[in-house]
Each structure stands twice: as C-alpha cells, then as structure tokens.
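Observations on the three-dimensional arrangement
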Amino acid sequence: MHPNPAAQAILITMPHSHYAEKARWALDRLALPYREEPHVPLLHRFATVRRGGRSVPVLVHGAHRLTDSSDILAYADFLHGGGELYPGNAELKREVQALEERFDMELGPHARRWAYAQLLPQRRPLRRVMSRGVPRLEAILMPMILPGVARLIRSALRITPQSAQSSLERVRGLFAEVDERLRDGRAFLIGERFTAADLSFAALAGPVLFPEGGGAAYFTLDEAPQSMREEVLRLRDTEAGRFALRLFSQERRKVLGDSA
Ligand SMILES: N[C@@H](CCC(=O)N[C@@H](CS)C(=O)NCC(=O)O)C(=O)O
C-alpha cells in the first residue's frame with residue numbers, strides 16, 4: 001500500500017520517553033506533519049495496543065502503523081525521498097543502521113534504567129514530567145496510579161541498586177566508545193553528515209544528559225538527587241556528552257526542505 005503523504009500522522013508517545021523523542025526528532029527534521037498524542041505510562045497501552053503495538057512511540061499514518069522507533073525513522077526518511085537519515089551509499093547505510101541498533105539495544109535501556117533508579121522516588125517532578133500534555137482524565141488519574149506505575153517500572157526493568165550501577169557502567173562504556181570514534185575530530189559519527197546514528201545517540205542519551213532544546217519532558221537538573229546531578233555533569237563533560245548536546249543545540253530544530 002502506498003502511503004498517503006497528505007494524511008496527517010499521529011505519534012503516540014509518553015512525554016518523557018527518549019525513544020519517542022527519537023521518532024519526534026526525525027518527524028520534525030523531515031517535516032512530516034503529525035499530531036502528537038501523549039499518554040501517561042500504563043494507560044499508553046490503550047492507545048498502542050489498538051494500533052497493533054505495545055511500547056511507544058507508535059506512528060499512525062493513513063493505513064500504516066509503525067510500532068518501533070527505527071521503523072518510524074526509516075519510514076519518515078522514505079516519505080521524504082530517502083537519503084537524509086540513512087546515506088544512499090549501501091556500506092555507509094549499513095554502518096548507520098548497525099550503530100542505531102546498538103544504541104537502541106544498549107544505550108536506550110541502560111540510560112533509562114539508571115535514570116529511573118534515581119528519579120522514581122522524586123514523586124512530584126515525576127508526576128509533572130509524566131503527565132505533560134496528556135488527556136485531562138489521565139492527568140487527573142495520575143496521582144492515584146503513580147505508586148503502582150513506579151512499582152511496575154521497577155519490576156519490569158528489574159531495577160535494583162546493583163542493576164542500576166551496572167547500567168551506569170554500560171552507559172559510561174558506550175560514551176567512551178563514542179569518545180573514541182570522535183577522537184579524529186569528525187563532526188558526525190558516520191560520514192560527513194548528520195544521520196540516524198547521531199540522532200539515535202543524542203536522543204537515547206537524553207535521560208543521562210537532561211538536554212535542553214528537545215521535545216521530551218525531563219526533570220531540571222536541580223530536581224535530580226545530588227549524586228545523579230554530579231554524574232550527569234561528568235557525562236556532559238565527555239566528548240560524547242558534548243557531542244550529544246551540540247546535536248541538540250545545532251540539529252534538533254533544523255527542518256529539511258521537502259526533496260520531492
Ligand atoms: N524498540 C522500541 C523501544 C521503545 C520503548 O522501550 N519504549 C518504552 C518507553 S521509553 C515503553 O513504551 N515502555 C512501556 C511499554 O513497553 O509498554 C522502539 O525503538 O520504539
């Protein structure tokens with residue numbers, strides 16, 4: 001079925017989800033018109049399951065349902081005419097996809113686990129970020145369901161002090177790998193241009209960097225516990241951290257003209 005580019009897309013999200021930010025960044029950059037439909041955790045399932053998904057983000061576009069952030073990036077790139085987020089050169093494209101997958105499988109989950117371990121006890125800011133822009137009824141229900149949501153997140157992500165610490169080590173390791181890659185002074189992770197690899201790294205590092213300029217709802221640094229703040233500042237002060245923050249400030253609001 002051929003996509004109907006005129007139909008307005010719907011992006012189902014949770015306000016604080018870094019995978020949702022990954023998709024949002026791609027849609028914004030490639031100028032695909034969409035309406036965002038944010039939900040609080042748990043209640044998001046009513047919106048995702050009936051669209052054939054489970055987690056957020058889900059993109060609904062005409063008859064199309066994209067239930068994974070990487071599929072959304074590939075789809076948006078295709079609609080835009082191709083070659084923007086994924087290079088035309090097959091070898092480079094494979095490298096970009098491999099890095100994107102690595103960040104999806106490792107950086108996303110480990111950054112999230114460590115961040116939740118620090119932030120789940122901070123109920124007031126947690127409630128604020130998780131309910132930004134959600135339907136009114138969900139915002140009203142949020143204080144009642146938040147304790148259960150926090151328990152569910154802890155058990156689903158197997159959060160313990162030990163697992164959180166080992167996730168932090170994994171994040172530091174990934175940052176060190178990105179530091180190494182950037183050591184030759186390159187401006188982007190692969191090739192000469194911004195690609196899905198750069199976008200994925202920056203978006204999925206969001207929970208450990210608290211970047212400004214993106215579309216995800218985050219705590220302010222002041223609201224985080226002291227030990228987390230110190231670690232965030234350390235990560236920001238690496239090559240990889242500076243690189244991600246630069247992408248947020250220089251690339252996040254860039255909108256590419258339609259190539260069609
Ligand atoms: N592979 C998925 C992962 C998305 C993901 O883990 N989303 C989280 C939020 S950051 C989620 O929706 N978790 C709740 C659930 O799975 O129902 C993607 O890239 O879209």
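These notes cover the structure that comes with them. (Residues numbered from 1 in each chain as written. Predicted model: local features only at pLDDT ≥ 70, side-chain atom pairs only at ≥ 80, totals over all residues. Heavy atoms only, no water.)

**Brief notes about the site of the ligand**
- By nearness alone, 13 residues border the ligand, and His44, Arg45, Val56, Asp68 and Ser69 come closest of all.
- Separating an oxygen atom of the ligand from a side-chain N or O atom of Ser69 is a distance of 2.6 Å.
- Interatomic distance of 2.9 Å between a side-chain N/O atom of Arg112 and an oxygen atom of the ligand.
- Bound to the protein, the ligand loses 78% of the 510 Å² it would expose on its own.
- If you list the elements that add at least two residues to the shell around the ligand, you get helix H1 (18-29) and helix H2 (44-49). (Near = heavy atom within 4 Å. Polar contact = N/O pair within 3.5 Å; in protein donor to acceptor, adjacent residues only side chain to side chain. Areas by Shrake-Rupley, 256 points an atom, 1.4 Å probe, with all protein chains shown as cover. Helix = DSSP H or I, 4+ residues; strand = E, 2+ residues; numbered from the N terminus.)

**Overview of unusual backbone geometry**
- Look at the link from Val56 to Pro57: it is a cis peptide, with omega at 5°.
- Looking at the secondary structure, you find Pro57 in the loop between H2 and strand S3 (58-61).
- A positive phi angle, close to 55°, is found at Ala31, a residue other than glycine.
- Within the secondary structure layout, Ala31 lies in the loop between H1 and strand S2 (34-38).
- Positive phi, normally seen in glycine, also occurs at Leu42, with a value near 85°.
- Mapped onto the fold, Leu42 is located in the loop between S2 and H2.

**Section: the packing of aromatic side chains**
- Under the defined criterion, the tally for this structure stands at 6 aromatic pairs.
- Seen from their ring centres, Phe103 and Phe201 are 5.2 Å apart, and the 55° between their planes marks the pair as tilted. Placement of Phe103 in helix H4 (residues 90-119) and of Phe201 in helix H8 (residues 196-204) is noted, with a sequence separation of 98 residues between them.
- Residue classification places Phe103 among the buried positions, given a relative accessible area of 2%.
- Assessed through its relative accessible area of 0%, Phe201 is described here as buried.
- Both rings, one in Phe188 and one in Phe194, keep their centres 6.3 Å apart while their planes meet at 85°; by these two values the pair is edge-to-face. Both residues of the pair, Phe188 and Phe194, belong to the buried class.
- Feature note: the residues Trp25, Phe188, Phe194 and Phe248 constitute an aromatic cluster, connected by ring pairs.
- Across from the ring centre of Phe188, 5.6 Å away, lies the NZ or CZ of Arg246, which sits over that ring. (Phe/Tyr/Trp six-rings, centres within 6.5 Å; stacked < 30°, edge-to-face > 60°. Buried < 20%, exposed > 50% of the residue type's maximum accessible area, 1.4 Å probe, protein only. Lys NZ or Arg CZ within 6 Å of the ring centre and 35° of its normal.)

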